[in-house]
Amino acid sequence: MAQPQKTQDASTEGQLAPEVREKVEMARTFAFHLLKGIKQIGMYRHNEGRFPEFLAKALESIAAYTEKFGPLSLKVEQQNLMLHGETLFSEDTPLPYKFFRDGIRQLIFRPGLAVEELVTFTLIALSEPERGAEDVLAQLWRAGMEHVEYVVVEGFSMENASEEEVQVEVDKVVGYLYSRLQTNSDDYLRFARVSAEDLDAKLDGVEQIRGLVVGGRHASDELKAKLQREVMEEEGSRLFPKLVSAVFQVVEGGVEDGNLLEEIFMQLLDMLLLQDDFGTINQIVLKLRALSQRDSGLGRLLETFLHKMGEEQRLMRLGESLKGMRPKNPADVMRYLQALDRDSIIPLLTVLETLEIPENRALVCDALAPFARELPEPFVSRLTSDRPQTVRDMVYVLEKSNHPDRIKMFGQVLKSPNLVVKLEVISIIGRGRTGEARRLIAEALTDPIAQVRMTAARMLPEFDRDKAFADLMRIVRDPGFEKKTLDERMALYHAVGSTGTPAALSHMQQLLAVKPSLLNKKRVTEDKLLAINGLAGATSIQSYKMLQAVVEDRNLPVELLTAARKAMYQTRKTLFGDSALPEET
């Protein structure tokens, strides 16, 4: 396998201290494998699953360096990366220039660099701002990588002076300021006490900068607001994860006081809930699960943490967050809810009652569905609620849970006086295709609400056509059938025809063959209209021919001819699709 080549003469490297020489060689190894991985990713951009594989050697190299020497801080030149004055790449490459062009003068890789961060850094290095991509600096800002940092410098200009006349060793300034940010002491605010005198004393060979004018434009209100939002996002995306990381470092170091540790995690949970940072909470759960496999004491901490997550006051806080708007990351909220146990069912149902945004209600319902399969009682008891929305939600949860007895449970909803809810439940029951579902649909044929009866009649043939024909004809032949509205009778005949049985077509044929008299002309006309509607429901070649015969009988009233012509057109369109002829007028 190819190895990184040395880029300096042996005489030059001989002047380096042994430790510095080792640092440079390890950094060159990392740079070599990083550049190789970048080239491989550039060739196989379509195969994202292999990106970590391409960067595996680079990750091993940087991990070896940071484990031995700590953070790797590289100086960015136009054509190369530098460490202790030594170049790292054996040949010029456009990689450093992309960062140099945007003012980045130092890249720092910190211990703990994850493969995901290295992949993100590589994709940024491969991006092409000249072809429409964001500039490198903006991409690094948005990525918010915890273990990759960068130092940016801006240009300066002086009034009445050209660029050649104003040469300021900016790297020295930046290097000094960056060194002030590095400390192992407890004085975390050390960087805030940089004075002009300290800076002046440190910059040997740099002349005083007086009368300096920074070129540029004043920040607009829009830009200030945008920066403020980005700062807040930065706090949320990096500050809290770093805090959590610090807490787990303490945990892994060993804590004797279990109560203190529990109190720390509870305060952390409440703080993250106030920030609506469900993603970090999920990361805590995952980390505790991993650690609990090695330490039983942390297993108890995990159980306590999960129990606290599902307590009523914390779920109500989650509900307050879901009341006002849709969450930015619904998947994080779902993972939070999926981590809860069955003790959280009742508080979650209470939260559900307070939500009005449909997407947020669906989110909570999806999280409740797995509980409903094992413990359906809390959901079944709410099927009789006076609130239609609650009934809809419970039907949705039970249906999504795939509980074996859910169809039987839905029977209670059919006793509800709310029409919309009953129609929704009937449509759900109709998808069941079971004997129990058919029984409930058949019972709905006698429902006191006409729309429910009509919907049930339309769905019944989808189960067993012969049984459906028998049930529907029993209603048609009932003496009370004539008292029903014309719309309901039409719907029942359409359902009879949709069974497609020979008996149904024969019945329609008999009605069409009846000759009217002076006394029963109106009744016969209505029966023939019902028969035509029944043939429209059959949608078959045989029913089409029967309708065609009706259309050709010019002795029939105009209303029958018009109805038959429309039914024939719809049948033809259903059978033959777009090739059907236009509807006749």
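Note: the structure precedes this text.
First things first, this report covers the structure right here in the doc. (Residues numbered from 1 in each chain as written. Predicted model: local features only at pLDDT ≥ 70, side-chain atom pairs only at ≥ 80, totals over all residues. Heavy atoms only, no water.)

### Side note on helix α4 (residues 56-69)
The terminal C-alpha atoms of α4 lie 20 Å apart, and with 14 residues this matches the ideal 20 Å at 1.5 Å per residue to within 8%. The set of residues buried in α4 consists of A58, L59, S61, I62, Y65, T66 and F69. The arc that holds every buried residue of α4, seen down its axis, measures 160 degrees, which confines them to one face. For α4, the exposed residues lying more than 90 degrees away from the buried face are E60, E67 and K68. Buried-residue contacts for α4 involve α2 (18-43), β1 (72-76), β2 (81-83), β4 (104-109) and α6 (115-126). Trailing α4 by a residue or two, G70 shows a phi angle of about 90 degrees, which is positive. (Helix = DSSP H or I, 4+ residues; strand = E, 2+ residues; numbered from the N terminus. Expected span 1.5 Å × (residues − 1). Buried < 20%, exposed > 50% of the residue type's maximum accessible area, 1.4 Å probe, protein only. Arc of directions from axis to C-beta. Contact = heavy atoms within 4.5 Å.)

### Quick word on the sheet that holds β1
Strand order in this open sheet of 5 strands is β3-β2-β1-β4-β5, and the pairing throughout is antiparallel. A single partner strand is all that each edge strand has here, and the edge strands are β3 (86-87) and β5 (148-152). With 2 bridges connecting them, β1 and β2 associate as antiparallel partners. Bridge pairing in β2 places V76 opposite L81. Across the sheet, α4 lies against β1, β2 and β4, angled at about 115 degrees from β1, the strand it touches most. (Pairing = 2+ DSSP bridges. Axes fitted to C-alpha atoms, helices over the stretch in contact; angles between N-to-C directions.)

### Details of the pattern of salt bridges
For the structure on display, the rule yields 25 salt bridges. Its salt-bridge partner being D332, residue R335 comes within 2.6 Å of it at the nearest N-O pair. You can see R335 and its partner D332 sitting in helix α15 (residues 330-338), 3 residues apart, about one turn around the helix. A salt bridge links R523 to E482, with the shortest nitrogen-to-oxygen separation between them at 3.6 Å. One end of the pair, R523, is in helix α27 (residues 521-538); the other, E482, is in the loop between α24 (465-476) and α25 (486-498), and 41 residues separate them in sequence. Within the structure, one salt-bridge network assembled from shared partners comprises E482, R489, R523, E526 and D527. (Salt bridge = Lys/Arg side-chain N within 4 Å of Asp/Glu carboxyl O.)

### Points about a nonpolar patch on the surface
Taken together, the side chains of I541, L575 and F576 define a hydrophobic patch exposed on the protein surface, amounting to about 260 Å² of accessible area. Within the secondary structure layout, F576 lies in helix α29 (residues 558-576). We classify F576 as partly exposed; its relative accessible area is 45%. (Patch = residues over 30% accessible without salt bridge, like charges linked within 9 Å, V, L, I, M, F, W, Y side chains within 5 Å. Areas by Shrake-Rupley, 256 points an atom, 1.4 Å probe, with all protein chains shown as cover.)

### Thoughts on the nonpolar core
Across soluble globular proteins, you tend to see nonpolar side chains buried next to one another. If you look at the biggest cluster of nonpolar residues, it comprises 103 residues, and the most contacted ones within it are F305, M309, Y336, L337, L368, F379 and I429. Not counting the four nearest positions on each side in its chain, L337 is found in contact with L318, L348, L363, V364 and A367. (Core = buried A, V, L, I, M, F, W, Y, C linked by side-chain atoms within 4.5 Å.)

### Side note on the packing of α15 against helix α17 (residues 358-374)
Orientation of α15 relative to α17, taken along the N-to-C sense of each, is 35 degrees, at an axis distance of 9 Å. The hand of the α15/α17 crossing is right-handed. In this structure, α15 uses P330, V333, M334 and L337 to contact α17, whose residues at the interface are L363, V364, D366 and A367. For the contact of α15 with α17, the residue count by class is 7 nonpolar, no polar and 1 charged. (Left-handed = near helix turned anticlockwise from the far one by under 90°. Nonpolar A, V, L, I, M, F, W, Y, C, P; charged D, E, K, R; others polar.)

### As for the side chain of H507
With respect to the helices and strands, H507 occurs in helix α26 (residues 502-513). Beyond its immediate stretch of four places on either side in the chain, H507 contacts M473 and Y493.

### Overview of the pairing of β4
A regular strand places its side chains so that they alternate between the two faces of the sheet. Burial within β4 is extensive, with 6 of its 6 residues counted as buried. Across 4 bridges, β1 lies against β4 in antiparallel orientation. Its bridge partner being in β4, L72 is matched across the sheet by F109. In this structure, β4 lies alongside β5, joined through 5 bridges in antiparallel fashion. If you follow I104 over to β5, its bridge partner there is V152.

### Quick look at the packing of α25 against α26
Viewed as axis vectors pointing N to C, α25 and α26 meet at an angle of 130 degrees, and their least axial separation amounts to 8 Å. The angle between α25 and α26 falls in the class oblique. Judged by the twist between their axes, the crossing of α25 over α26 is left-handed. Residue-level inspection shows Y493, V496 and G497 of α25 in contact with α26, the latter providing A504, H507, M508 and L511. (Parallel < 35°, antiparallel > 145°, perpendicular 65-115°, else oblique.)

### Regarding the environment of L273
As for its position among the elements, L273 is in helix α11 (residues 258-274). Relative accessible area serves as the criterion here: at 3%, L273 is assigned to the buried category. Through-space distance from the C-alpha of L273 to that of S321 is 9.1 Å; in sequence the pair is 48 residues apart. Once residues within four sequence positions are removed from consideration, L273 is found in contact with F278, I281, R314, R317 and Y336.

### Remarks on unusual backbone geometry
One non-glycine residue, D276, adopts positive backbone phi at about 55 degrees. Residue position: D276 is located in the loop between α11 and α12 (278-292).

### Let's talk about the side chain of T66
In this structure, T66 sits in helix α4. At 3.2 Å, the side chain of T66 and the backbone oxygen of A63 are in polar contact. Ignoring any residue separated from it by four or fewer positions in sequence, one finds T66 in contact with L72, F109, R110 and P111. (Polar contact = N/O pair within 3.5 Å; in protein donor to acceptor, adjacent residues only side chain to side chain.)

### Notes on the packing of aromatic side chains
Applying the stated criterion across every chain, the model contains 7 aromatic pairs. Summarising the aromatic geometry, the rings of F109 and F121 are spaced 5.4 Å apart at their centres and angled 80 degrees between planes, so their arrangement reads as edge-to-face. One end of the pair, F109, is in strand β4; the other, F121, is in helix α6, and 12 residues separate them in sequence. An identical accessibility class is assigned to F109 and F121; each is buried. With a centroid separation of 6.1 Å and 55 degrees between ring planes, the pair formed by F481 and Y493 is classed as tilted. (Phe/Tyr/Trp six-rings, centres within 6.5 Å; stacked < 30°, edge-to-face > 60°.)

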